[in-house]
Every structure is written in C-alpha cells, then in structure tokens.
Amino acid sequence: MSRQMQITFDCHDPRALSIFWREVLGYVHPAPPGVELPEGADPLAAWDEFLARIGVPEEERNARSAIEDPEERGPRIFFQRVPEGKEVKNRVHLDVRVAPGLQGEERMAALQAECDRLVALGAKRIRRHDPRPPLDAGHIVMADPEGNEFCLD
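The structure reproduced in this document is the subject of the present report.

On to the packing of aromatic side chains, then. For the structure shown, the criterion picks out six aromatic pairs. A connected cluster of aromatic rings, assembled from ring pairs, spans Phe9, Phe20, Trp21, Phe79 and Phe150.

Right, dumping it as structure tokens:
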C-alpha cells in the first residue's frame, strides 16, 4: 500500500514562503476547514477571517501555511514557523522539473527563463551546471527567499 506524502519547510515566514512556492509550482492555498470559497475568492483572506473567528491571537496567525496541487497529483507542502535560521546546506532538496524531455541549448534556455521568473519572485540563482552528456543534462541551482536550495531540472 502506498502512502501520501507531505513536504514540510521550517521557516520564519510561512505565509510569504507558501506564496513563493505556490507561484513556483502552480499550487493553490486550500480553504479553511468547513469553508466553501466562492469562485475567485482569496483563500488567504479566508484564512485570516477564519483564524480571527476561532480566536487565534494575531501573533500566531502566521505560524503555519500550506499549499496543495490543484490536480491532486503532487504532495501537499506545509510551512511551519521556527525560531532558528537555516545554517547549513539542505540534505534534501526539491528538483523543479521545468524542462523534461528537452536537451542542449533548448533545455538550458527553458531553465534560464524559469530562473529569471523565479528571481523576480524572490529566489536567488546560485549556479548553473551546463550539460555534460551522457549523464548530466544540465540544471540550475537556486535558493528560495529563505535560503532553501532547490534545482531547476
């Protein structure tokens, strides 16, 4: 029997980091429990109202956030506030697959275009690895706004 998986990020600003990764992955913020969102409604505003209504103190309302794949294929991603900062390289990282099947300059151009889009959202480009056939098709190493490394693949 297979299991569902959730990826959890420890971070300082769960809301901001969840917005960044929502844009990277094309995910969505789910509605609060028991809340039906009308078409076009802002789920983050609904969360603000929900947390206020159930009495969560304002300073605790950004303690966690989550995003989900709207097609229900990818894992849920959860963000939780922690007091400590990131100090060392990730032992696990995400590979964002933006150029599957592409090769050579076409692949690297697609990766660079996505890199440019993500830098505009707050990511940092760390380094580019050009293709080295036959085993390495090329990729770009990046960091999200809180310094978590990931690759564009």
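Here the narrative resumes, following the displayed structure.
Right, let's talk about the pattern of salt bridges for a bit. Scanning the model with the defined rule gives nine salt bridges in all. For Arg107, the salt bridge goes to Asp153, with nearest N and O atoms at 2.6 Å. Of the two residues, Arg107 sits in helix α3 (residues 104-120) while Asp153 sits in the segment after β7 (149-152), which places them 46 residues apart along the sequence. Comparing Arg107 with Asp153, the two get one shared label, buried. Salt bridges sharing common partners tie together Arg97, Arg107 and Asp153.

In this section: the side chain of Asn148. Structurally, Asn148 can be placed in the loop between β6 (139-143) and β7. In this structure Asn148 comes out as buried when scored by relative accessible area, which is 11%.

Cut-offs applied
- Residues numbered from 1 in each chain as written.
- Predicted model: local features only at pLDDT ≥ 70, side-chain atom pairs only at ≥ 80, totals over all residues.
- Heavy atoms only, no water.
- Phe/Tyr/Trp six-rings, centres within 6.5 Å; stacked < 30°, edge-to-face > 60°.
- Salt bridge = Lys/Arg side-chain N within 4 Å of Asp/Glu carboxyl O.
- Helix = DSSP H or I, 4+ residues; strand = E, 2+ residues; numbered from the N terminus.
- Buried < 20%, exposed > 50% of the residue type's maximum accessible area, 1.4 Å probe, protein only.

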